[in-house]
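Read off the chains here:
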Amino acid sequence: MRTPVLLVEVTAVALVAVDVLRTDSWSAGLPGLIALCLIGVAHTEIAVGVERMRRRVTEAPHVDLSSVWTFAGAVLLPPVYAVLTALVVHSHLWWRAWRPRVPIYRQLFSTATVVLACIAASAVIRSVGSGDPAGVVRGGAVELAALGLALLVYTTVNSGLIAGAIAVSTSRPTAAQVLGHWDENMLEIATLCLGALTAVALAINPWLVVLVLPPLLVLHRAVLVRQLEEAASTDGKTGLLNAAAWHAQAEREIRRAGRQGASAAVLILDLDHFKAVNDRHGHLAGDQVLSAVAETLRTEVRDNDLVGRFGGEEFVVLLPGLDGGTYGRDELQVVAERIRHRVARMTVHVPTPDGPLTVTGLSVSVGGARFPGDGADLTGLMEVADAALYEAKRAGRNVVRMGLHLPAAEPLRRTGTEPPAQPS
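Residues numbered from 1 in each chain as written. Predicted model: local features only at pLDDT ≥ 70, side-chain atom pairs only at ≥ 80, totals over all residues. Heavy atoms only, no water.

## A look at the packing of aromatic side chains
1) Next: Inspection of every chain in the model, using the stated rule, returns three aromatic pairs.
2) Next: With centroids separated by 5.5 Å and ring planes inclined at 80 degrees, the aromatic side chains of Phe71 and Tyr154 adopt a geometry described as edge-to-face. Of the two residues, Phe71 is situated in helix α3 (residues 67-76) and Tyr154 in helix α7 (residues 141-169); the sequence distance between them amounts to 83 residues.
3) Next: Taking relative accessible area as the criterion, Tyr154 reaches 1% and is therefore assigned buried.
4) Next: Plain terms: the ring middles of Trp246 and Phe310 are 5.4 Å apart, the flat faces sit at 85 degrees to each other, and that makes the pair edge-to-face. Of this pair, Trp246 sits in helix α11 (residues 243-260) while Phe310 is found in strand β2 (residues 306-311), placing the two residues 64 residues apart along the sequence.
5) Next: A relative accessible area of 28% means that Phe310 is categorised as partly exposed. (Phe/Tyr/Trp six-rings, centres within 6.5 Å; stacked < 30°, edge-to-face > 60°. Helix = DSSP H or I, 4+ residues; strand = E, 2+ residues; numbered from the N terminus. Buried < 20%, exposed > 50% of the residue type's maximum accessible area, 1.4 Å probe, protein only.)

## Some words on the environment of Gly40
1) Next: As for its placement among the helices and strands, Gly40 is situated in helix α2 (residues 30-57).
2) Next: Look at Gly40 and you get buried, because its relative accessible area is 1%.
3) Next: Counting along the chain gives 26 residues from Gly40 to Ser66, while the straight-line C-alpha distance between them is 7.0 Å.
4) Next: Excluding residues that lie within four positions of it along the chain, Gly40 makes contacts with Trp69 and Val89. (Contact = heavy atoms within 4.5 Å.)

Geometry only, nothing functional implied.
The structure is reproduced here in structure tokens:
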């Protein structure tokens, strides 16, 4: 991990040094540099209040909209001043908002990615026409295309470097972790579009840049509202949907499947002897086990499947699109068995004051039901799946049982009452 990060940082420093040596006049672009730095610092100071509210009610990270100013600098200013804008704005942002949570080495890498994105976007702008940035922002169709290409290059370089760092530092990274969520990427594109408008405003009349601040603050608050909604629908211990949120979304999926004549399925999973984990190892270990099981469920189902926690040690999964999709009548059994085996192989490491504790020997019982064969609505499906789960418990736990019209396959290993989870 260290080598790629250092390579990015060294490359950024080397390219900045080249731009410094190429700079003939330090007066050109100086007013724009000052204006962007001042408005960027003012933006951070105004947004700090929103971010403090975010930290009080949610663990969501700080929303970074500073690319408005850094991209405007890349479009309008000489490369060395674009880099200085990025350094000033990002350093102030880290000091005021990120410092308690973002260590300095991560901040250095993040700043290096922004610097490289600025240099790349600036190179695109200066390759069009006479190379005059002011001419680009005031030009016609060709110049507008250059501005769009610069935006694409900026976000590709910045996001690509961060995605690469995540990919090499995370074991089995998911697509969402590497590429980011769709709404996050769209927020970044919207921010860069505001950056392009900021560059145009600066080229026409520097005072117009003040008009960019109100929509930026509205974006901050809009994202805060979305994150508050997510926090209200998320289980705090596992990060899965809570019971109310899962039920609401699952009902919508079942109604949609009914209208379209499609199929779906529900799995209810219950950790066996979970009370023994809490009694023997403490609630901290129990919380770690719940979190580990939740992560296992995420990895074993599709991205569009709904995974939730129903409280205690019970989890639930909605699997839409059985007919013609990934899962079929037999495949549902396979999915449930795969989850059961993954849980049985889990090893959960729990830090304690007396040293690390390793919890093994976990097991889960699973009950399933299929729409529309086992129930005409979500309530009916849940009743059938719950009855199947009860049968799995009666069969000795650590087994899978399906609903009214799905055959219950034999477990893949010996069943029987499994011993409680043990530390190793």
